[in-house]
Amino acid sequence: MRGLLQHAVFRNPSVLIGGTLLLILLAIAVAAPLLSDVDPRQIAPRLRLQPPSEEFLMGTDMYGRDVWTRILYGSRISLIVGASVAVLSLTFGMFIGLLAGYFRWLDGPIMRAMDGLMAIPGVLLAIALVSLSGASLLTVIVAITIPAIPSVARVVRGVVLSVREEPFVEAAMGLGTPPIKILLRHITPNTFAPLIVQGTYICAAAVLGEAVLSFLGVGLPAEIPTWGNIIADGRAVFVRAPWTIFFPGIFLGASILAINILGDGLRDSLDPRMKKQVSDRP
Amino acid sequence: MLRLILGRIVTTLPVIGVVAITIFLLLRLSPGDPAAVIAGDGASPETIAAIRIDLGLDQPLLVQFGTWIGQLLSGDLGTSVFSHQPVQKLIAQRVGPTVSLALMTLIFSILVAVPAGVLAAARHGTWIDRAIMAMSVAGFSIPVFVVGYLLIYFLSIKLGLFPVQGYVAISDDIFGFIRHITLPMLALGLIYIALFARITRSTMLEVLNEDFIRTARAKGLTRTRILVFHALRNAAVPIISVIGLGFASMVGGVVVTETVFNIPGIGRLVVDAVLARDYPVIQGIILVLAVVYVAINLAIDILYMLVDPRIRY
């Protein structure tokens with residue numbers, strides 16, 4: 001597994017570029033208090049809507065809060081949500097996919113349920129879940145995770161269905177290996193490569209999803225600095241103070257871009273099927 | 001053929017059933033008492049209890065579900081808690097702008113993305129290909145509300161080319177409609193242009209490797225003719241499937257776009273209902289949109305069967 005990742009990083013420039021951008025973002029999130037000594041919630045009515053200057057790198061918003069500082073702290077929320085949703089949806093999706101793929105009698109009911117869940121627009125499902133259970137970091141993460149699970153389950157199930165026909169699995173079954181051991185030892189490792197790739201895309205979608213929820217006013221409470229909340233606050237004063245939307249927008253777009261580039265790179269180097277396609281080209 | 005199509009339609013019924021159960025359970029099992037929300041802060045326990053009985057929330061879950069399904073089957077999506085209007089009427093009032101925006105965006109995206117994807121595949125490996133793919137990755141990553149505000153700032157506020165926000169129905173004034181719909185269409189379309197261009201390029205590259213393309217080239221056919229009539233036609237099925245999936249999943253983007261551009265559509269309706277916790281409206285809209293999603297997928301599958309007789313479900 002480690003060899004595979006090393007191979008992926010050094011062979012593919014996309015992985016390097018995306019990964020580096022993501023590490024920079026991580027550094028910004030961790031070092032937020034060092035990069036700005038202002039409180040992101042500090043209200044200063046006399047300093048409202050100041051354009052970007054030496055004192056206020058990215059201007060101030062309608063309450064006189066420093067946009068740069070708020071973006072710094074917002075990156076923490078975005079990264080926490082992105083990483084948590086990716087890990088949670090991969091975990092649950094993998095569990096469901098393994099069950100559906102390995103135990104044939106569970107396959108029909110589980111996959112029909114996943115089809116049904118997939119038919120519900122993810123954003124609307126998340127909005128409804130957050131608004132009904134009260135907005136907090138946990139409910140936002142759960143609400144974005146649930147719509148992401150079916151696609152993971154589908155991928156895992158597909159891998160299980162193809163791998164269980166392989167001779168080495170048949171051999172293990174023939175030797176009387178218990179199903180749980182076959183699942184964990186022989187089948188699960190085959191799902192890692194596609195899941196790492198899918199996890200990065202889910203992470204990008206989750207960063208966007210959190211921003212969308214906040215932007216629509218149903219995400220984290222308005223006083224918590226998140227990129228979506230900063231943009232939502234900027235809506236009313238957008239014409240006078242476009243920086244309140246542009247700067248958080250740039251950070252949001254750049255983060256999603258970095259994660260997507262990383263995902264593209266990982267897909268090209270980890271997914272053997274895609275690799276074949278690439279090398280087959282004239 | 002008719003039997004196959006009917007068979008495919010029957011397979012969608014369980015999915016819709018699952019959707020109904022999921023929506024019902026999610027809304028009922030999520031913490032938070034709708035009756036308390038509707039009664040407002042500081043309402044007496046008696047008032048809340050009365051509202052619970054009024055909404056049928058005191059009944060067992062199974063009975064509530066049965067009542068709801070019975071209503072649905074008779075064409076009743078429920079009544080808004082706040083405006084006291086039938087949900088289906090509220091949806092009907094708002095459906096025009098949303099459908100217009102979705103269809104215009106779809107057509108526009110296909111018109112831009114398919115030629116771009118074909119061009120990238122035809123010029124594979126050159127700077128044109130790289131530029132188109134780089135724009136595709138970028139277009140995939142920039143959120144629709146950021147694009148929307150950039151467009152409003154530069155094209156509407158700075159240059160005055162388009163109205164800042166709002167919506168005019170096509171039946172009222174076609175030129176007003178076009179002026180108002182252009183920016184939302186551009187903002188929402190970006191991600192679909194990126195998606196469709198990508199899939200067009202990769203499918204075209206696969207098809208261009210096939211033997212019959214070499215034959216066509218050897219026959220001395222022109223490049224354009226090979227690209228459009230031989231390659232694109234054979235690449236059509238995967239492209240159509242991604243376009244269909246993109247269209248079916250456009251709902252999320254539409255909700256955000258309607259908020260940015262202040263368009264009175266389904267997206268605004270559902271966000272307002274969520275902010276007001278108008279449960280019947282939320283429930284009704286999600287169900288309708290899920291059924292639309294299933295119906296679009298069904299339509300795509302049937303289209304395949306008609307286009308390519310080898311495909312069976």
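Residues numbered from 1 in each chain as written. Chains lettered and ligands numbered in written order. Predicted model: local features only at pLDDT ≥ 70, side-chain atom pairs only at ≥ 80, totals over all residues.

**Brief notes about the overall build of chain A**
Part 1: Along its length, chain A carries 13 helices and zero strands.
Part 2: When the helices and strands of chain A are read in sequence order from the N terminus, they spell out α-α-α-α-α-α-α-α-α-α-α-α-α.
Part 3: Taken over the C-alpha atoms alone, chain A extends approximately 80 × 45 × 35 Å along its principal axes.
Part 4: Within chain A, buried positions represent 49% of all 282 residues.
Part 5: Taking the intrachain contacts of chain A between residues at least 6 apart in sequence as the baseline, contacts between residues at least 24 apart amount to 69%. (Helix = DSSP H or I, 4+ residues; strand = E, 2+ residues; numbered from the N terminus. Buried ≥ 20, exposed ≤ 12 C-beta atoms within 10 Å, placed from the backbone. Contact = placed C-beta atoms within 7 Å.)

**A few points about the overall build of chain B**
Part 1: The number of helices and strands found in chain B is 13 helices and zero strands.
Part 2: Of the regular secondary structure in chain B, the N- to C-terminal order runs α-α-α-α-α-α-α-α-α-α-α-α-α.
Part 3: Structurally, chain B occupies a C-alpha span of about 85 × 55 × 35 Å along its principal axes.
Part 4: Excluding contacts between residues fewer than 6 apart, the proportion of contacts in chain B whose partners are at least 24 apart in sequence is 71%.

**Some points on the interface of chain A and chain B**
Part 1: Counting residues at the interface gives 39 residues for chain A and 40 residues for chain B.
Part 2: Among the elements of the structure, helix H5 (104–119), helix H6 (122–133), helix H10 (192–215) and helix H12 (243–270) of chain A are those that each provide at least two residues to the side of chain A that touches chain B.
Part 3: Examining the composition of the side of chain A that touches chain B, we find that nine residues originate from one element, H6(A), more than from any other.

**A word on unusual backbone geometry**
Residues and elements named next belong to chain B.
Part 1: We note that His84 has phi near 55°; this positive angle belongs to a residue other than glycine.
Part 2: Accessibility expressed as a C-beta count within 10 Å gives 7 for His84, which makes it exposed.
Part 3: At Asn262, a position not held by glycine, the phi torsion is positive, near 55°.
Part 4: Looking at the element boundaries, Asn262 is found in the loop between helix H11 (251–260) and helix H12 (266–276).

**Focus: the confidence of the model for chain B**
Where the model shows low pLDDT, its predicted coordinates should not be examined in detail.
All names here are of chain B.
Part 1: In this model, chain B carries an average pLDDT of 84, and 96% of its residues clear a pLDDT of 70 or more.
Part 2: Mean pLDDT values for the elements of chain B range from 71 in helix H2 (residues 34–39) up to 91 in helix H5 (residues 87–122).
Part 3: Both scores are given for the predicted complex: the pTM is 0.86, the ipTM 0.82. (pLDDT = per-residue confidence, 0-100.)

**Quick word on the environment of B:Leu221**
All names here are of chain B.
Part 1: Along the chain, Leu221 turns up in the loop between helix H9 (211–218) and helix H10 (223–248).
Part 2: Judged by C-beta crowding, with 15 C-beta atoms within 10 Å, Leu221 ranks as partly exposed.
Part 3: Leave out the neighbours within four places in its chain, and Leu221 touches Ala216 and Ile226.

**Focus: the packing of helix H4 (residues 67–102) of chain A against H10(A)**
Any two packed helices are characterised by how steeply their axes cross, that is the angle between the axes, and by the distance between the axes.
Residues and elements named next belong to chain A.
Part 1: Where H4 contacts H10, the axes come no closer than 8 Å and their chain directions differ by 135°. As the angle between them shows, H4 and H10 are arranged oblique. Note on packing geometry: the crossing formed by H4 with H10 is right-handed. Residue-level inspection shows Ile77, Ser78, Val81, Gly82, Ala83, Val85, Ala86, Ser89, Leu90 and Met94 of H4 in contact with H10, the latter providing Leu195, Gly199, Ile202, Cys203, Ala206, Val207 and Glu210.
Part 2: Of the residues in the contact of H4 with H10, the class split is twelve nonpolar, four polar and one charged. (Axes fitted to C-alpha atoms, helices over the stretch in contact; angles between N-to-C directions. Parallel < 35°, antiparallel > 145°, perpendicular 65-115°, else oblique. Left-handed = near helix turned anticlockwise from the far one by under 90°. Nonpolar A, V, L, I, M, F, W, Y, C, P; charged D, E, K, R; others polar.)

**Describing the confidence of the model for chain A**
Residue and element names in this part refer to chain A.
Part 1: Confidence along chain A averages 83 in pLDDT terms, with 92% of residues attaining 70 or more.
Part 2: Here helix H13 (residues 272–280) is the element of chain A with the lowest mean pLDDT, 42, and H4 is the one with the highest, 91.
Part 3: The low-confidence segment residues 274–282 (pLDDT under 50) makes seven contacts with residues lying over four places distant or belonging to another chain.

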